[in-house]
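What follows is each chain in one-letter form.
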Amino acid sequence: MSQSAAPAPLPEALAAIVEDFNALGEPDRLQLLLEFSEGLPELPERYSEHPELLEPVPECQSPIFLVTELEGDGGGNGTDAVVRLYFSAPAEAPTTRGFAGILHEGLDGLTAAEVLAVPDDVSDRLGLSRAITPLRLRGMGGMLARIKRQVREKSGA
Amino acid sequence: MPLPYDDAEKFTAYAHPERLVSTDWLAEHLGDPGLVVVESDEDVLLYDTGHIPGAVKIDWHTDLNDPVTRDYVDGEGFAALMAAKGISRDTTVVIYGDKNNWWAAYALWVFALFGHPDVRLLDGGRALWVSEGRDFTKDVPNPQPVDYPVVEREDSVVRAFKEDVLGFLGGQLVDVRSLPEYTGERTHMPDYPDEGSLRGGHIPGAQSVPWARAANEDGTFKSRTELEEIYRHEKGLSPQEPVIAYCRIGERSSHTWFVLSHLLGFPNVRNYDGSWTEWGNAVRVPIVRGEQPGEVPSEVPAR
């Protein structure tokens, strides 16, 4: 690996989010993260009534749970199945919700293959490393790793 | 001029009732000249989702820590922060936050390093204010910058360093982490990520008193009698002797420092902010595993 290697490319929606964050000054980046936190969709009933179906993410400093679904021909097998993401995080944990919101907007609706190709360092590219402790940023990486693991298992990739 | 103290009956039993205010008191005094309310949370965005009207935010990570060295801001940094938040040396500061005032107590402890004269905690913190259905706003105040003198940080009174702790072995050490962290079963809080300690366990001789035992379900502090029962009778801590409290990075132990010094009136309590993320990584310091405080070594290797 040469040091000048370009960073691995991001899917379009995620790339746009990263660009938006980096176009802002630091306080505004936090405001944007807050907007993602507020924009995180509610869980559909089939999950809100069955929270045990969601996987906890202990890497995060606040309780968060997530689950993925694969849609497509053949019941969602295969790497071209479409990935749907569902998150549950309390309102008192806006930073964690914000990370979930970014991943939702950036990844929901991609194919399994596209999700699996997302580089693991996305959280480092948001320009938040000064405002947010490394520990919290690592939580976002934990969410992504769990999403990818679920997608890998469910798609048979 | 400091604001009047809260004469709520619960507080009168504490050693320093002037260090606490109730939600009723704060609601009555919001907007009074000479008062600045500060929110300090674990979650850097929580303030922005809504806060007590007029409150300013102080973030432990970006505002109180030095960005490079593992240390707190210096006198100039603190003065600049205070000035920007509209706090002058004679301002009455009331701090509140999430999680039983965990981070609020940490902020208050840093204020103590600079000897800010009148700084108080809101008993029950953010959660109580929320559960009582009191006013919240998203409006961020724009305080008029004021002058705050550059006061050198005083690290010798309420702060302890690793060398101090090594010289203190055999004294009253309080480990305020969870039991699995104390025994060495794990190096971080349950449900929290690992912050990287190479060894698990506790400092020899340290008593285990998880910090949140000092709080009620609603986030308020337990009564003086209940606190005496835990710290003095159950653990046998004596106010006649000095105490050093520690946790993982010094935040949870700030809460216990507050309890011991301000609520129970122990005159000599220090917070070892290096805590387990320093001790559990330091070379050749003694460590005990298991549920007992353990033997204090008679000799500590040269350092």
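Scroll up for the structure.
Residues numbered from 1 in each chain as written. Chains lettered and ligands numbered in written order. Predicted model: local features only at pLDDT ≥ 70, side-chain atom pairs only at ≥ 80, totals over all residues. Heavy atoms only, no water.

Caption draft 1: Focus on the overall build of chain B. Tallying secondary structure elements over chain B gives 11 helices and 10 strands in all. Computed over its C-alpha atoms, the radius of gyration of chain B comes to 19 Å, within 12% of the 19 Å expected for a compact globule of 303 residues. Dimensions of chain B, computed from C-alpha atoms along their principal axes, come out at roughly 55 × 40 × 35 Å. The buried share of chain B, reckoned over its 303 residues, is 56%. For chain B, contacts bridging at least 24 residues in sequence account for 76% of all contacts bridging at least 6. Accessible surface, chain B: about 12,400 Å² in total, of which carbon and sulfur atoms supply 49%. If you average the places of the 28 positive and of the 50 negative side-chain charges in chain B, the two averages end up 6 Å apart. (Helix = DSSP H or I, 4+ residues; strand = E, 2+ residues; numbered from the N terminus. Rg over C-alpha atoms; globule rule 2.2 N^0.38 Å. Buried < 20%, exposed > 50% of the residue type's maximum accessible area, 1.4 Å probe, protein only. Contact = heavy atoms within 4.5 Å. Areas by Shrake-Rupley, 256 points an atom, 1.4 Å probe, with all protein chains shown as cover. Lys, Arg positive; Asp, Glu negative; His and termini not counted. Charge placed at Lys NZ, Arg CZ, Asp CG, Glu CD.)

Caption draft 2: Seen up close, the environment of Pro134 of chain A. When you line up the elements, Pro134 of chain A lands in helix α6 (residues 134–155). Note: C-alpha distance between Pro134 of chain A and Ser123 of chain A (11 residues apart in sequence) is 9.8 Å.

Caption draft 3: Focus on the side chain of Ser123 of chain A. Within the secondary structure, Ser123 of chain A sits in the loop between α5 (112–116) and α6. Ignoring any residue separated from it by four or fewer positions in sequence, one finds Ser123 of chain A in contact with Leu137, Met140 and Gly141 of chain A.

Caption draft 4: Main features of the sheet that holds strand β7 (residues 172–175) of chain B. Residue and element names in this part refer to chain B. Taken in spatial order, the 5 strands make up an open sheet running β6-β10-β9-β7-β8, and their pairing is parallel. The two strands at the open ends of the sheet, each matched to only one other strand, are β6 (159–160) and β8 (207–208). Looking at chain direction, β6 and strand β10 (residues 269–272) are connected through 2 bridges and run parallel. Looking at β10, one finds that Arg159 is bridged to Asn271. (Pairing = 2+ DSSP bridges.)

Caption draft 5: Fine view of the interface of chain A and chain B. On the chain B side, the residues contacting the 23 residues of chain A number 19 residues. Across the chain A-chain B interface, the total number found is 1 salt bridge. Of the charged contacts, one joins Glu38 of chain A and Lys138 of chain B as a salt bridge, the two residues approaching to 3.0 Å between their closest N and O atoms. Our count for the chain A to chain B interface comes out at 4 residue pairs in polar contact (both at pLDDT 80 or more). Top contributing element to the side of chain A that touches chain B by residue count: helix α2 (residues 26–39) of chain A, with 5 residues. Taken together, the residues of the side of chain A that touches chain B break down into 11 nonpolar, 6 polar and 6 charged. (Salt bridge = Lys/Arg side-chain N within 4 Å of Asp/Glu carboxyl O. Polar contact = N/O pair within 3.5 Å; in protein donor to acceptor, adjacent residues only side chain to side chain. Nonpolar A, V, L, I, M, F, W, Y, C, P; charged D, E, K, R; others polar.)

Caption draft 6: Expanded view of the packing of α2 of chain A against helix α4 (residues 94–107) of chain A. Residues and elements named next belong to chain A. Two numbers describe how α2 lies on α4: the axes approach to 7 Å, and their chain directions differ by 75°. Relative to α4, α2 is oriented roughly perpendicular. For the pair formed by α2 and α4, the contact residues are Leu33, Leu34, Phe36 and Ser37 on the first element and Pro94, Thr95, Arg97, Gly98, Phe99, Gly101, Ile102 and Glu105 on the second. Its residues assigned to classes, the contact of α2 with α4 shows 6 nonpolar, 4 polar and 2 charged. (Axes fitted to C-alpha atoms, helices over the stretch in contact; angles between N-to-C directions. Parallel < 35°, antiparallel > 145°, perpendicular 65-115°, else oblique.)

Caption draft 7: How the structure looks around the pattern of salt bridges. All names here are of chain B. Within the structure shown, the criterion is met by 31 salt bridges over all chains. With its nearest N and O atoms 3.8 Å apart, the salt bridge here joins Glu234 to Lys235. On the basis of relative accessibility, which here comes to 43%, the residue Glu234 falls in the partly exposed class. Among the charged side chains, a salt-bridge network with shared partners connects Asp71, Arg153, Asp155, Arg159 and Asp273.

Caption draft 8: Just the packing of helix α1 (residues 12–22) of chain A against α2 of chain A, in detail. Where α1 of chain A meets α2 of chain A, the closest approach of the two axes is 9 Å, and the angle between their N-to-C directions is 140°. Contacts between α1 of chain A and α2 of chain A involve Ile17, Asp20, Phe21 and Asn22 of chain A on the former and, on the latter, Arg29, Leu32, Leu33 and Phe36 of chain A.

Caption draft 9: Region of the structure containing empty space enclosed by the protein. As enumerated under the stated definition, the model contains 2 cavities of 30 Å³ or more in all. Estimates place the volume of the largest cavity at around 50 Å³. What lines the largest cavity is a set of 10 residues, among which Thr133 and Arg136 of chain A together with Glu42, Val44 and Trp60 of chain B lie closest to the centre. Of the residues in the lining of the largest cavity, the class split is 4 nonpolar, 3 polar and 3 charged. Roughly 40 Å³ of internal volume is contained in the second largest cavity. Classifying every residue of the lining of the second largest cavity by side-chain character gives 3 nonpolar, 1 polar and 5 charged. (1 Å grid on protein atoms, 1.4 Å probe; cavity = no way out; pocket = protein on both sides within 12 Å on 5 of 7 lines; lining within 4 Å. Points joined across faces, edges and corners; volume = space filled by probe spheres on them.)

Caption draft 10: Spatial organisation of the packing of aromatic side chains. All names here are of chain B. Taken as a whole and judged by the stated rule, the model has 18 aromatic pairs over all chains. Lying over the aromatic face of Trp129, Arg134 brings its terminal NZ or CZ to 5.4 Å of the ring centre. The ring of Phe168 carries the charged tip of Arg270 above its face, separated from the ring centre by 6.0 Å. (Phe/Tyr/Trp six-rings, centres within 6.5 Å; stacked < 30°, edge-to-face > 60°. Lys NZ or Arg CZ within 6 Å of the ring centre and 35° of its normal.)

Caption draft 11: Just the sheet that holds strand β1 (residues 55–56) of chain A, in detail. Residues and elements named next belong to chain A. Ordered in space as β1-β2-β3, the 3 strands form an open sheet in which the pairing is antiparallel. Among the strands making up the open sheet, the edge pair consists of β1 and β3 (82–88). Helix-sheet contacts for α6 involve β1, β2 (65–71) and β3, and the interaxial angle to β2 is about 35°.

Caption draft 12: Molecular detail of the side chain of Ser88 of chain B. Residue and element names in this part refer to chain B. Inspection of the secondary structure puts Ser88 in the loop between α4 (75–84) and β4 (92–96). Take Ser88: its relative accessible area is 18%, and that puts it in the buried class. Of note is the side chain of Ser88, whose polar atom sits 2.9 Å from the side chain of Asp90. Among all residues touching Ser88, those that are not within four sequence positions of it are His116, Val146, Asp147 and Tyr148.

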